[in-house]
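# Understanding the architecture of this molecule
Chain residues, written in single-letter form:
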Amino acid sequence: SLFAGLDLPGRFLFAALTLMTLIAILVFIEEAVYIYRKIPSSKRSIIIWINAAAPVISTTSCIGMWVPRSTMFTDFTAGIFFAIVIHKFLMMMIKECGGQKLLLRRFENGHFTISTGPCCCCCLCLPRVPITRQTLFWLKLGTFQFAVFRPVLIFLSIVLWTNGNYVLYNLSPKEPALWISCFIGVLTLFALWAVGIMFRKVRILLACKNIIPKFALYQFIVILNHLQTTIINMLATQKIISCAPPLSSRARGSYIGQQLLIMEMFLITVVSRAVYRRKYHDLEPPECTAEEPGDEKQTP
């Protein structure tokens, strides 16, 4: 087995990373119990889902590290879970504003700035969109479509893989892996764009709820789970990451990525516990809330 072929430092690293994963799971369970007891039921499940992102990714990475042949399934599981978490984060920002009705009252004459990342950060000429039920629906749809279509595409990938028609690292135009990956990439950009638009609007209002550190943790998970993994896989595919028998270049790249994710998600789990566990004051009534600079004043 892979573990039997490791030297003493390698075995110590395996043991340390496994211990990190177990601690992350225990920290999350303790945090989930606290949230269940202390947080109102309207926000409870959403916050638990968001806090579970880092421990779930750490767990799937640990399983992939111990069982290298399961890497495809563990990566897909983490991808499906995080697609749901992106939608949950948008819903959490709406809930923290008091729900959709109160959010519309707070920003009755406000506008969404859609010239934000990752899609339109350079398109400063784009018009500002009024905050209405319809625009809120489109933002929620932007993240919901990702939570629905990514699992469907991943299921299709697994079906093709079992039939021998899907090779994860084969990005030839004639292969389905390239087109499925591109389609998932486009869906991801639209989902992150919707979250970015909402965050840009509510970040001042929800500063008392520490929304900026929460958004930073969410962004770290996005970057580490997607961008970092993609870069390592590209380096492994181009043989820049050399092989180390019995591991090929691609297997070693996946192995390195999993080890990094375990350490990073462990740290994010601990920091998330500190950020989400604090007690925050409720927002002032909508009539007393000031609009962002540049927006029209709210009529009483």
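Since this is a predicted model, take the numbers as computed values, not measurements. (Residues numbered from 1 in each chain as written. Predicted model: local features only at pLDDT ≥ 70, side-chain atom pairs only at ≥ 80, totals over all residues. Heavy atoms only, no water.)

Next up on the list: the overall build of the protein chain. For the protein chain, the helix and strand inventory stands at 8 helices and 2 strands. Across the protein chain, helices and strands are ordered from the amino to the carboxyl terminus as α-α-α-α-β-β-α-α-α-α. The buried share of the protein chain, taken over its 300 residues, is 46%. Long-range pairs, those at least 24 residues apart, make up 76% of the contacts in the protein chain with a sequence separation of at least 6. Accessible surface, the protein chain as shown: approximately 15,800 Å² in total, 69% of it carbon and sulfur. (Helix = DSSP H or I, 4+ residues; strand = E, 2+ residues; numbered from the N terminus. Buried < 20%, exposed > 50% of the residue type's maximum accessible area, 1.4 Å probe, protein only. Contact = heavy atoms within 4.5 Å. Areas by Shrake-Rupley, 256 points an atom, 1.4 Å probe, with all protein chains shown as cover.)

With that settled, consider the confidence of the model for the protein chain. Considering every residue of the protein chain, the mean pLDDT works out to 81; 86% of them sit at 70 or more. Per-element confidence in the protein chain ranges from a low mean pLDDT of 82 for strand E1 (residues 111-112) to a high of 89 for helix H1 (residues 8-38). Contacts for the low-pLDDT stretch residues 288-300, under 50 throughout, to residues beyond four places or in other chains number 30 contacts. (pLDDT = per-residue confidence, 0-100.)

Below, the discussion takes up the UniProt feature "transmembrane region" (unreviewed entry) in the protein chain. In the UniProt entry, the feature "transmembrane region" (unreviewed entry) is given for residues 12-34, 46-67, 73-94, 137-161 and 176-195. Between the end C-alpha atoms of residues 12-34 there is a gap of 33 Å, over a span that is 100% helix and 0% strand. (UniProt positions renumbered as here; feature names shortened; annotations may be inferred.)

Note: disulfide means a covalent bond formed between the sulfur atoms of two cysteine side chains. Overall, the coordinates contain 0 disulfides when judged by the stated rule. No disulfide involves Cys208; its nearest neighbouring cysteine sulfur is the one of Cys97, lying 9.4 Å away. (Disulfide = S-S within 2.5 Å.)

A few words now on the packing of aromatic side chains. Inspection of every chain in the model, using the stated rule, returns 11 aromatic pairs. Between Phe190 and Trp193, the ring centres sit 6.2 Å apart and the planes meet at 55 degrees, which makes this aromatic pair tilted. A residue pair is termed a helical-turn pair when its members lie 3 or 4 positions apart in one helix, as Phe190 and Trp193 do in helix H6 (residues 176-202) at 3 residues. Both rings, one in Phe215 and one in Tyr218, keep their centres 5.5 Å apart while their planes meet at 40 degrees; by these two values the pair is tilted. Taken together, the residues Phe215 and Tyr218, both in helix H7 (residues 211-237) and 3 residues apart, mark about one turn of the helix. For Phe215, a relative accessible area of 12% puts it in the buried group. Judged by its relative accessible area of 5%, Tyr218 falls in the buried class. What links up through ring pairs into an aromatic cluster is the set Phe82, Phe89, Phe199, Phe215 and Tyr218. One residue, Arg44, lies across the ring of Tyr36, its end atom 4.6 Å from the ring centre. (Phe/Tyr/Trp six-rings, centres within 6.5 Å; stacked < 30°, edge-to-face > 60°. Lys NZ or Arg CZ within 6 Å of the ring centre and 35° of its normal.)

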